[in-house]
Amino acid sequence: MPLNDAHCHFFSRRFFETLARDAGGRFDVDPAVSVPEALGWEAPGTTQQLANRWMAEIDRHQVQRAALIASVPGDEESIVEALAIHPAAFVGFFMVNPLAESAVDRTRQALADGLRGVCLFPAMQRYSLLDARVAAIVDLAAHTRSAAVFVHCGVLSVGARKKLELPSRFEARFGHPLDVQALAANWPHVPFIVPHFGAGFLHEALMAADMCPNIHLDTSSSNRWMKYFPALTLEAVFRHALQVIGPERLLFGTDSSFFPRGWQRPVFDTQVEALDRLNLNARDVDLVHLNARDVDLILGGNFDRLFPLISPQA
């Protein structure tokens, strides 16, 4: 069974330096050491060391490939370096703020350097997905081979910021899946990925995906947004998603990020258990009949289809 992870964060030195800057001088001495220490995490070391650490980690868990996300705007160079070290194991994603003056140029360069996932966090930077500056970014992805647009919708929480007591002035209203639908309709050949089943906007995410066959959902994280729906279970979330869009547009992910925690095996175990229960409890009225191929698609095959290995000569 191929196992690929569509959602891992690459917390490089740049990530911790950004947190330190927002902390207003609390971590002026080597932020890439002092900030992780305050969080109870391991320091990332150099980009090469962090890339090798991730390679060893996914190899230990028999994960064949993983998407690595540069988790602050402007950190795409770290992912480019990680890909140069382990090109077959990693697919590079990067965050871009379309409102930044350099956004188009940085996105164009990142895609030219081999990164393939353009990550938009509209609630974080507080912009509308219908802004013309977003369209300019998406259009670059549309003209890049095997590129996708990742859009975080719904509830957004950055654990490191909470632990450091940093403000998170996010506006969830900007991260609505129906705005993703508007983009996906205009660029029907660009794959769009909405993580965490929509992070609280499950029904809206499924509506958007039902209208646009180029919208995919990733299953990553603990999916704590289910607390807003007391009767909802992960098994029911999978059932609903499979009923509406089938197994071909679900991408397994963990939302793994820092060390020493590393790759989140409990997330994998919980999701596989939910799929197993779904298969055992399936009834004709459920219209869900999972087989081994369907599970393989969710856990790895869909990722390989969206992000096939590209040889350097291609």
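This brings us to the overall build of the protein chain. Broken down by element type, the protein chain carries 13 helices and eight strands. Compactness check: the protein chain gives a C-alpha radius of gyration of 19 Å against a globular reference of 20 Å for 314 residues, within 12% of the reference. For the C-alpha atoms alone, the extent of the protein chain along its principal axes is close to 60 × 45 × 40 Å. For the protein chain, long-range pairs separated by at least 24 residues make up 76% of all intrachain contacts whose partners lie at least 6 apart in sequence. Treating the 28 positive side-chain charges of the protein chain as one cloud and the 35 negative ones as another, the clouds have centres 3 Å apart.

Time to look at helix H3 (residues 47-60). For H3, which comprises 14 residues, the first-to-last C-alpha distance of 20 Å matches the rise-based estimate of 20 Å (1.5 Å per residue) to within 8%. The elements touched by buried residues of H3 are strand E1 (4-10), strand E2 (65-70), helix H4 (76-85) and strand E3 (90-95). Positive phi appears at Gln62, one or two residues downstream of H3, with a value of about 60°.

This paragraph deals with the environment of His203. With respect to the element layout, His203 can be found in helix H10 (residues 202-211). The exposure class assigned to His203 is partly exposed, which follows from its relative accessible area of 43%. The spacing of His203 and Val244 is 41 residues in sequence and 10.0 Å in space, taken between C-alpha atoms.

This part covers the nonpolar core. Among the nonpolar cores identified, the biggest contains 71 residues, and Trp54, Leu120, Phe192, Phe197, Ile215 and Leu250 are the most heavily contacted of them. Counting residues per element, this core draws most heavily on helix H11 (residues 234-245), which supplies six residues. Those residues within four positions of Ile215 in sequence are excluded, and the remaining contacts are Val180, Gln181, Ala184, Phe192, Val194, Ala208, Ala209 and Arg249. Ranked by size, the runner-up nonpolar core spans 17 residues in total, among them Phe93, Ala148, Phe150 and Ile193.

Glancing now at the packing of aromatic side chains. Overall, the coordinates contain 16 aromatic pairs when judged by the stated rule. Summarising the aromatic geometry, the rings of Phe16 and Trp41 are spaced 6.2 Å apart at their centres and angled 70° between planes, so their arrangement reads as edge-to-face. Separated by 25 residues along the polypeptide, Phe16 in helix H1 (residues 13-22) and Trp41 in the loop between helix H2 (31-39) and H3 bring together distant segments of the chain. According to the relative accessible area criterion, Phe16 is buried, its value standing at 2%. For Trp41, a relative accessible area of 13% gives the class buried. Through a chain of ring-to-ring contacts, the aromatic side chains of Phe11, Phe15, Phe16, Trp41 and Phe258 assemble into a single cluster.

Once that is clear, we can look at the pattern of salt bridges. Considering all chains together, one arrives at 17 salt bridges under this definition. The shortest N-O distance in the salt bridge between Asp131 and Arg133 comes to 2.8 Å. One continuous salt-bridge network, built from bridges that share partners, spans Arg13, Glu17 and Asp30.

By secondary structure assignment, the location of Phe174 is in the loop between helix H8 (159-163) and helix H9 (177-186). Exposure remark for Phe174: the relative accessible area of 14% places this residue in the buried category. Along the chain, Phe174 and Leu111 lie 63 residues apart, while their C-alpha atoms are 25 Å from each other. Those residues in contact with Phe174 that lie beyond four places of it in its chain are Pro122, Ala123, Arg126, Tyr127, Ser128, Leu129 and Asp179.

Definitions and cut-offs
Residues numbered from 1 in each chain as written. Predicted model: local features only at pLDDT ≥ 70, side-chain atom pairs only at ≥ 80, totals over all residues. Heavy atoms only, no water. Helix = DSSP H or I, 4+ residues; strand = E, 2+ residues; numbered from the N terminus. Rg over C-alpha atoms; globule rule 2.2 N^0.38 Å. Contact = heavy atoms within 4.5 Å. Lys, Arg positive; Asp, Glu negative; His and termini not counted. Charge placed at Lys NZ, Arg CZ, Asp CG, Glu CD. Expected span 1.5 Å × (residues − 1). Buried < 20%, exposed > 50% of the residue type's maximum accessible area, 1.4 Å probe, protein only. Core = buried A, V, L, I, M, F, W, Y, C linked by side-chain atoms within 4.5 Å. Phe/Tyr/Trp six-rings, centres within 6.5 Å; stacked < 30°, edge-to-face > 60°. Salt bridge = Lys/Arg side-chain N within 4 Å of Asp/Glu carboxyl O.

Bear in mind that shape data such as this cannot, by itself, settle questions of function.
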